[in-house]
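Coordinate analysis (summary)
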Amino acid sequence: MPKLLKKYAQHFYLKAAARCIGLLLTLVSTAYAQRPGNELEPSRSHADTTRQVDLIDIAKNLLKISPPKGPDSTEGKQFYFSFLPFSSEVPGGGTALITSTTAGFYKGDRNTTNMSRITFTPYWNFGKRFGLPIRSYVWFKNNEWVIMGDTRFLRYPQYTWGLGNQYGEEDKFLINYTYIRFYQHALRRLSNHFYVGLGYNMDSRMNIRADAENGNFAEYVNYDYGTGDGSNSLSSGVSLNLLYDTRTNSINPLDGCYAYFQYRVNPTLLGSDHLWRSTYLDLRKYFRFTQDVNKQNMLGLWMYYWGVLDTAVPYLDLPSIGWDVYNRSGRGFDQNRHRGRHLLYFESEYRKDITANGLLGFVVFANTNTVSGPKSRLMRDWHAAIGTGLRIKFNKGAGTNIAIDFGKSKDFSGFQIGLDEVF
């Protein structure tokens with residue numbers, strides 16, 4: 001009987017994944033049908049920033065700085081930097097100094113090339129805990145190529161709650177480890193907005209150990225892979241990546257849509273502890289309620305599915321809330337609060353200006369997720385959160401905002417501070 005139930009569950013999960021992939025393929029087929037000569041180009045909104053005000057403008061006025069103005073050009077060689085130091089509570093307890101830097105730039109004519117971005121968000125708690133994450137999303141001339149990168153060197157304690165709904169909020173378990181991530185993906189345009197490419201993905205976790213007061217990690221999570229005291233785990237593999245992106249600025253999308261699919265294989269030939277595979281599907285859509293591109297009045301929708309297809313997956317590589325590419329999902333939840341072999345996530349956010357010059361704005365959002373695991377079934381057991389936030393325009397050239405959000409779920413509430421939009 002248990003084997004029959006397990007077989008049924010696997011069939012159900014694969015059907016859910018197939019539906020998500022079907023939605024992506026629908027977008028892909030639409031993109032392919034819109035080849036050059038036949039396509040109807042979607043809206044490519046570019047705000048007239050001369051009518052906006054940001055913190056840089058205010059600083060220039062206060063300091064009476066009047067930089068010389070060069071000839072207007074569409075070649076887009078200028079970098080738009082945004083820098084924000086702040087102190088914040090971090091997952092696993094304690095406070096750290098965080099410095100968030102975002103650089104937006106163009107590698108070609110901005111009329112035919114999307115804005116690229118690089119983010120660097122180091123943090124340090126003036127002790128043994130630190131992080132050095134660098135993420136990039138670089139568009140080359142005329143959007144012929146896009147390179148996606150994610151490199152991290154982290155050392156920290158973090159809480160975990162096992163798989164599914166195995167434990168309550170108060171039963172969190174503290175673990176320590178050192179983490180190195182190296183992801184690099186290169187994608188080539190096949191048709192209008194549609195890209196295909198390959199990538200390399202490496203996740204290395206070292207000296208995984210439980211806090212001295214907690215007890216045995218493997219027994220707590222009842223999971224055999226990557227949970228031994230003082231153990232290491234290595235996942236090294238290649239991926240097939242599909243991308244459909246009509247946004248012109250990923251830092252602060254004004255409209256358009258985004259669809260990304262990845263199929264990853266981690267063979268022992270490349271150093272992985274065990275052979276395992278995963279799929280990841282990310283869909284986003286933005287709806288504007290005004291024709292004035294200088295005004296922010298829009299609704300953003302976000303959904304992603306993340307699942308593993310094999311059993312011998314290191315515990316810390318399993319799908320978990322807050323471990324999407326930019327660690328943005330799950331506002332209102334502690335990072336890692338929900339983990340399982342499959343994770344499905346939905347979020348919606350309404351964004352609107354407070355001031356006419358775009359300096360201040362606000363957002364309201366709601367999200368929900370479901371994971372598979374003990375005492376939890378995908379698509380049946382949901383975990384929801386709501387919240388609101390303030391936006392302060394830091395750099396109007398790149399559309400970068402200081403984002404201050406407060407989210408709340410059933411057992412947790414907290415603030416999240418950063419640069420640019422969550423999605």
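None of these values were measured; they are calculated from a predicted model.

As for the overall build of the protein
In terms of regular secondary structure, the protein is built from 3 helices and 17 strands. For the protein, buried positions account for 53% of its 423 residues. Accessible surface computed for the protein: about 19,600 Å², of which carbon and sulfur atoms make up 60%.

Examining the packing of aromatic side chains
Scanning the model with the defined rule gives 27 aromatic pairs in all. Between Phe-79 and Phe-81, the ring centres sit 5.8 Å apart and the planes meet at 15°, which makes this aromatic pair stacked. Phe-79 sits in the partly exposed class, given a relative accessible area of 42%. Ring plane angle 70° and centroid distance 5.4 Å describe the contact between Phe-130 and Phe-153, whose orientation is recorded as edge-to-face. Here Phe-153 lies in strand β6 (residues 145-160) and Phe-130 lies in strand β5 (residues 130-139), a separation of 23 residues in the sequence. One aromatic cluster in this structure is built from Tyr-167, Phe-173, Phe-217, Tyr-220, Tyr-223, Tyr-225 and Tyr-315. Sitting above the plane of the Tyr-179 ring, Arg-205 keeps its charged end 4.1 Å from the centroid. Taking the ring centre of Tyr-315 as reference, the NZ or CZ of Arg-339 above it sits at 4.7 Å.

Some points on the pattern of salt bridges
It is possible for side chains bearing opposite charge to pair when their charged atoms get close. This structure, assessed with the given rule, holds 23 salt bridges. A salt bridge links Arg-117 to Asp-420; the shortest N-O distance between them is 3.0 Å. Note that Arg-117 is positioned in strand β3 (residues 116-120) and Asp-420 in the segment after β17 (413-419), a separation of 303 residues in sequence. Residue Arg-117 shares its accessibility class with Asp-420, and that shared class is buried. We note a salt bridge from Arg-331 to Glu-347, for which the minimum N-O separation is 2.2 Å.

Some remarks on the nonpolar core
Residues Tyr-137, Val-146, Tyr-177, Phe-217, Leu-243, Tyr-304 and Tyr-315 are the most contacted members of the largest nonpolar core, which totals 53 residues. Element by element, the count of residues in this core is highest for strand β7 (residues 173-191), at 6 residues. Each residue touching Tyr-177, except ones within four places of it in the same chain, is listed here: Leu-154, Arg-155, Tyr-156, Gln-158, Arg-205, Met-206, Asn-207, Ile-208, Leu-316 and Trp-323.

With respect to the environment of Gly-389
Mapped onto the fold, Gly-389 is located in strand β15 (residues 383-395). In this structure, the C-alpha to C-alpha distance between Gly-389 and Val-364, residues 25 residues apart in sequence, is 6.4 Å.

Concerning helix α2 (residues 55-63)
Residue Asp-54 occupies the N-cap position of α2, its side-chain oxygen lying 3.1 Å from the main-chain nitrogen of Ile-56. Positioned one or two residues after α2, Lys-64 has a phi angle of 55°, which is positive.

Some details on the confidence of the model for the protein
Considering every residue of the protein, the mean pLDDT works out to 85; 84% of them sit at 70 or more. The low-confidence segment residues 1-44, where pLDDT is below 50, has 48 contacts with residues more than four positions distant or belonging to other chains.

Some thoughts on the side chain of Thr-102
Of note, Thr-102 is situated in strand β2 (residues 95-105). If near-sequence neighbours (up to four positions away) are discounted, Thr-102 is found in contact with Tyr-80, Phe-81, Ser-82, Ile-118, Thr-119, Ile-251, Leu-419 and Asp-420.

Quick notes on unusual backbone geometry
In the Ramachandran plot, Met-379 falls in the positive-phi region, its phi being about 75° despite a non-glycine side chain. Following the sequence through the fold, Met-379 ends up in the loop between β14 (360-371) and β15. Owing to a relative accessible area of 39%, Met-379 belongs among the partly exposed residues under this scheme. Backbone geometry places Asp-420, a non-glycine residue, at a positive phi of 65°.

Overview of the pairing of strand β12 (residues 297-308)
Counted residue by residue, β12 has 10 buried out of 12 residues, so it is predominantly covered. Pairing of strand β11 (residues 276-288) with β12, which is carried by 11 bridges, proceeds in the antiparallel orientation. Within the sheet, the bridge partner assigned to Leu-283 lies in β12 and is Met-303. The pairing of β12 with strand β13 (residues 342-353) spans 11 bridges and is antiparallel. Following the sheet pairing, Leu-301 is matched in β13 by Ser-348.

Description of a nonpolar patch on the surface
Together, Ile-118, Phe-120, Leu-132, Ile-134 and Phe-153 line one region of the surface with nonpolar side chains, adding up to about 380 Å² of accessible area. Elements with a minimum of two residues in the nonpolar patch: β3 and β5. Mapping Phe-120 onto the fold places it in strand β3. Judged by its relative accessible area of 33%, Phe-120 is partly exposed.

Let's talk about the environment of Lys-128
Turning to its location among the elements, Lys-128 is positioned in the loop between β4 (123-124) and β5. According to the relative accessible area criterion, Lys-128 is exposed, its value standing at 72%. Along the sequence, Lys-128 and Pro-157 sit 29 residues apart, while their C-alpha atoms lie 9.8 Å from each other.

What counts, and where the lines are drawn
Residues numbered from 1 in each chain as written. Predicted model: local features only at pLDDT ≥ 70, side-chain atom pairs only at ≥ 80, totals over all residues. Heavy atoms only, no water. Helix = DSSP H or I, 4+ residues; strand = E, 2+ residues; numbered from the N terminus. Buried < 20%, exposed > 50% of the residue type's maximum accessible area, 1.4 Å probe, protein only. Areas by Shrake-Rupley, 256 points an atom, 1.4 Å probe, with all protein chains shown as cover. Phe/Tyr/Trp six-rings, centres within 6.5 Å; stacked < 30°, edge-to-face > 60°. Lys NZ or Arg CZ within 6 Å of the ring centre and 35° of its normal. Salt bridge = Lys/Arg side-chain N within 4 Å of Asp/Glu carboxyl O. Core = buried A, V, L, I, M, F, W, Y, C linked by side-chain atoms within 4.5 Å. Contact = heavy atoms within 4.5 Å. Polar contact = N/O pair within 3.5 Å; in protein donor to acceptor, adjacent residues only side chain to side chain. pLDDT = per-residue confidence, 0-100. Pairing = 2+ DSSP bridges. Patch = residues over 30% accessible without salt bridge, like charges linked within 9 Å, V, L, I, M, F, W, Y side chains within 5 Å.

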